[in-house]
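Listed below are the residues making up each chain.
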Amino acid sequence: MTSFFENLINTFPAFMEAAWMTLRLTGVSLVLALVIGLVFALMKVTGIRWLALIYNGYVGIIRGTPLIVQIMWLYFGITHILVLSAFWAGTIALAIHSGAYIAEIFRGCIQSVDKGQMEAAESLGMKRALAMRRVILPQAFKRAIPPLGNQFIIGLKDSSLVAFIGITEIFSLSMDNAAVTFKQLEFYTIAGLYYLAMVAVVTFILSRVENRMDTAK
Amino acid sequence: MIKVEQLHKYFGDLHVLKGVDLNVAPREVVVMIGASGSGKSTLLRCLNFLEMKNSGRILIDGEEVDPATTPLNKVREHVGMVFQHFNLFPHMTVLENVIEAPVHVKKMPPDEAAKWGRALLEKVGLADKGDVYPEKLSGGQKQRVAIARALAMEPSVMLFDEPTSALDPELVGEVLEVMKGLAADGMTMVVVTHEMGFAREVADRVVFLDAGQIAEEGDPETFFENPQHPNARQFLRRVL
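Quick look at the structure, then.

About the criteria used
In this convention, every chain numbers its residues from 1, walking through the sequence in written order. Ligands are numbered from 1 and chains lettered from A, in the order in which they are written. Reporting in this predicted model follows two pLDDT cut-offs: at least 70 for local features of residues, and 80 or more for side-chain atom pairs to be given and counted; totals over whole chains, interfaces and linings ignore these cut-offs and use all residues. The basis for every side-chain value is the complete set of non-hydrogen atoms in the structure, without hydrogens or water. Secondary structure elements are defined from DSSP: runs of H or I of at least 4 residues count as helices, runs of E of at least 2 residues count as strands, and each element is numbered from the N terminus. Here the radius of gyration uses the C-alpha set of atoms, whereas the globule reference equals 2.2 Å times the residue count to the power 0.38. Relative accessibility under 20% of the residue-type maximum defines a buried residue, over 50% an exposed one, and the middle range a partly exposed one, all with a 1.4 Å probe and only protein chains included. Here the accessible surface of atoms and residues is derived via Shrake-Rupley with a 1.4 Å probe, and residues count as covered only by protein chains that are part of the display. Two strands pair under a simple rule: DSSP has to find at least two bridges between them. Contacts are residue-level and defined by heavy atoms, with any inter-residue pair within 4.5 Å sufficient. For every element, the axis is a line fit to its C-alpha atoms; helices are fit only across the contacting stretch, and the angle between N-to-C directions ranges from 0 to 180 degrees. Buried area adds together the accessible area that both of two parts lose upon being put together, with accessible area traced by a 1.4 Å probe. Salt bridge, as used here, is a side-chain nitrogen of Lys or Arg placed within 4 Å of a carboxyl oxygen of Asp or Glu. Within 3.5 Å is the distance limit for a polar contact, defined as a pair of N or O atoms, with the added protein rule that one can donate a hydrogen and the other accept it, and that residues adjacent in sequence qualify only through two side-chain atoms. In this description, a nonpolar core means a group of buried Ala, Val, Leu, Ile, Met, Phe, Trp, Tyr and Cys residues linked to one another through side-chain atoms lying within 4.5 Å. Any two rings among Phe, Tyr and Trp, with Trp reduced to its six-membered ring, count as a pair given centres within 6.5 Å; such a pair is stacked if its planes are under 30 degrees apart, edge-to-face if over 60, and tilted if neither. Lysine NZ or arginine CZ positioned within 6 Å of the ring centre and within 35 degrees of the ring normal marks a charge as sitting over the ring. It is the rotation of the near helix from the far one that decides the hand of a crossing: anticlockwise by less than a right angle makes it left-handed, clockwise makes it right-handed. Only residues above 30% relative accessible area that lack a salt bridge enter a patch, with like-charged residues linked at up to 9 Å and the nonpolar side chains Val, Leu, Ile, Met, Phe, Trp and Tyr linked at up to 5 Å.

1. Quick word on the overall build of chain B
Check the secondary structure of chain B and you find nine helices and ten strands. A compact globule built from 240 residues should have a C-alpha radius of gyration of about 18 Å, and chain B, at 18 Å, falls within 12% of that. Based on the C-alpha atoms only, the size of chain B along its principal axes is roughly 55 × 45 × 30 Å. Counting the 240 residues in chain B, one finds 55% classified as buried. Put simply, chain B shows about 10,300 Å² of open surface, and 48% of that area lies on carbon and sulfur atoms.

Written out as structure tokens, the structure reads:
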């Protein structure tokens, strides 16, 4: 036990740097994923066939393949045509991955708004795009907050998979330390504690947001 | 004001409207009645292009509206609609509901729109409710807000789709009072309702729909005292 706490304290500065990398990966990829998700969800709900087909293809492929395969494919695939740092390859892979799930969240929430809302807006002379922006999306966004929070937490933990393309974040730092010290159990426990702490902070922030937005209604 | 010629509407294989002809004159109040499934709500929704006709012609203000070539949002600016389930926007206050379309469709300056909105709320007896959210209102109050919201676009005709059917019985009266007031002001109205008292008192003409066709129409007195069509007689026996 003494060695565990010694290890925890001695590696603290290195893990803080790694945690900062995890946060950047997660933050940047989730912001991109929100944009991707919204654009694709809107494509799906327009009712235009070929846009819906693109949506189905995107969501189908991303949900149908493992994230680690997507990360590898992007890292080794795209670096043939485009010089991309490991950070951006990882971030983009995470964004495309979360984007598909977030698109499904937005699509579901948009479609869950009573169709009488669109009818009422249109009967007032509003065009569909205006009605979507002013009437449907504000209601859909509010409903999306709880499932989005869930997806953010998944995204935070999924960022650990970019360890395999050589980004020094929490999980890869644990792997390195475990390999050097042969204290696998200790260092993977330490990794778990860092994730647990970060998820706790995110959960706290989300519950505050949910309370303020009164999303239970 | 509104002219409908040989309107046909199908839902899949179901032939809902079977060649309906209807004329609504300016300032006229037409009440459409009939059993459920007779097509009265579908007909009303076709007038606002929330349902698309399969064949026939619809003329609004003397101009034929072809959904393929006419921008429907422009037509709808002149045709107000009140729904059975109110369809107020829950994320906006009562006043914001009322001025949403004037501000964002007509581009009315917000302060001018707020003044206009408060005047309309006063007209429907809800001057003090402008800043509350719809969830705080009773059904009757919600429907009166919905009427004010439709009026805010200064439509030349108002369509009412069973406006009191979702209300508790004791709240029906306050909505009908507002509608009577509108009729007295000379608003052109097409009303689908089960309120026979309202039809008798306010309607200039009663239209009885049966199986997707207009089976009988006439002034309310003649219709209610001496209905001609056997199904009209049967219908009135059941509802009166």
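And the narrative resumes.
2. Some details on the sheet that holds strand β2 (residues 14–24) of chain B
Residues and elements named next belong to chain B. Strand order in the open sheet formed by four strands is β2-β1-β4-β5, and the pairing between neighbours is antiparallel. Edge positions in the open sheet fall to β2 and β5 (63–64), since each of these has one partner strand only. Pairing between strand β1 (residues 2–11) and β2: eight bridges, direction antiparallel. Bridge assignment links F11 to a residue of β2, and that residue is L14. Across the sheet, helix α1 (residues 40–47) touches β1, β2 and β4 (55–60), and the angle it forms with β1 is around 120 degrees.

3. Details of the interface of chain B and chain A
Interface size is commonly expressed as the accessible area that is lost once the parts come together. Facing the 23 residues of chain B at the interface are 18 residues of chain A. Interface area, chain B with chain A, both sides summed: about 1,700 Å², of which 57% is carbon and sulfur. At the boundary of chain B with chain A, the tally comes to three salt bridges. Viewed at the interface, chain A and chain B are joined by six residue pairs in polar contact (both at pLDDT 80 or more). Sorting the residues of the side of chain B that touches chain A by element identifies α2 (72–76), β6 (79–82), α3 (94–104) and α5 (139–151) of chain B as the ones contributing at least two each.

4. With respect to the nonpolar core
Generally speaking, a soluble globular protein has its nonpolar side chains buried in company with each other. If you look at the biggest cluster of nonpolar residues, it comprises 57 residues, and the most contacted ones within it are I110 of chain A together with I2, L7, M32, L43, L44 and L159 of chain B. Looking at this core element by element, the count peaks at nine residues for helix α7 (residues 128–158) of chain A. With 51 residues, the next largest nonpolar core counts V82, L95, V124 and A199 of chain B among its residues.

5. Topic: the packing of aromatic side chains
A full pass over the atoms with the stated rule returns eleven aromatic pairs over all chains. Each member of the aromatic cluster is reached from another via a ring pair, and the members are F208, F223, F224 and F235 of chain B. Seen from the ring of F87 of chain A, R24 of chain A lies directly overhead, with NZ or CZ sitting 5.4 Å from the centre. In this structure, R149 of chain B packs its charged tip against the face of F89 of chain B, placed 4.5 Å from the ring centre.

6. A short note on the pattern of salt bridges
Residues and elements named next belong to chain B. In total, this model carries 21 salt bridges over all chains according to the counting rule given. Two residues, D131 and R118, come together in a salt bridge whose shortest N-O distance is 3.5 Å. Taken as a pair, D131 in the loop between α4 (110–123) and α5 and R118 in helix α4 lie far apart in primary sequence, 13 residues in all. Between R200 and E225 there is a salt bridge, and its shortest N-O distance comes to 3.3 Å. Of this pair, R200 sits in helix α7 (residues 196–202) while E225 sits in helix α8 (residues 220–225), placing them 25 residues apart in sequence.

7. Digging into the sheet that holds strand β7 (residues 157–161) of chain B
All names here are of chain B. The strand order across the open sheet built from six strands is β6-β7-β8-β3-β9-β10, with neighbouring strands paired in mixed fashion. Each edge of the open sheet carries a strand with a single partner, namely β6 and β10 (213–218). Neighbour-to-neighbour, the strand axes of this sheet turn through a mean angle of 20 degrees, independent of strand direction. Packed onto the sheet, α1 meets β3 (29–33), β6, β7, β8 (188–192) and β9 (205–210) and runs at close to 145 degrees relative to β7. Strand contacts of helix α9 (residues 230–239): β3, β9 and β10, with the helix running at about 100 degrees to β9, the strand carrying the most contacts.

8. Describing the packing of helix α5 (residues 86–112) of chain A against α7 of chain A
In the contact formed by α5 of chain A and α7 of chain A, the axes pass within 8 Å of each other and the chain directions differ by 145 degrees. As for how α5 of chain A packs across α7 of chain A, the hand of that crossing is right-handed.

9. What about the pairing of β6 of chain B?
Residue and element names in this part refer to chain B. The alternating pattern of β6 places V79 and M81 and G80 and V82 on opposite faces, both of which are buried. Note: β6 against β7, four bridges, orientation parallel. Of the residues in β7, the one forming a bridge with V82 is F160.

10. Considerations on a nonpolar patch on the surface
Together, V201, F204, I205, V209 and M213 of chain A make up a nonpolar patch on the protein surface, roughly 450 Å² of accessible area in all. Structurally, F204 of chain A is set in helix α9 (residues 184–213).

11. Structural notes on unusual backbone geometry
All names here are of chain B. In the Ramachandran plot, R27 falls in the positive-phi region, its phi being about 70 degrees despite a non-glycine side chain. On the accessibility criterion, R27 (58% relative accessible area) is exposed. Look at D61: it is not a glycine, yet its phi comes out positive at around 50 degrees. Residue placement: D61 occurs in the loop between β4 and β5. Classification of D61 as partly exposed rests on a relative accessible area of 43%.

This is a description of form; function is not addressed.
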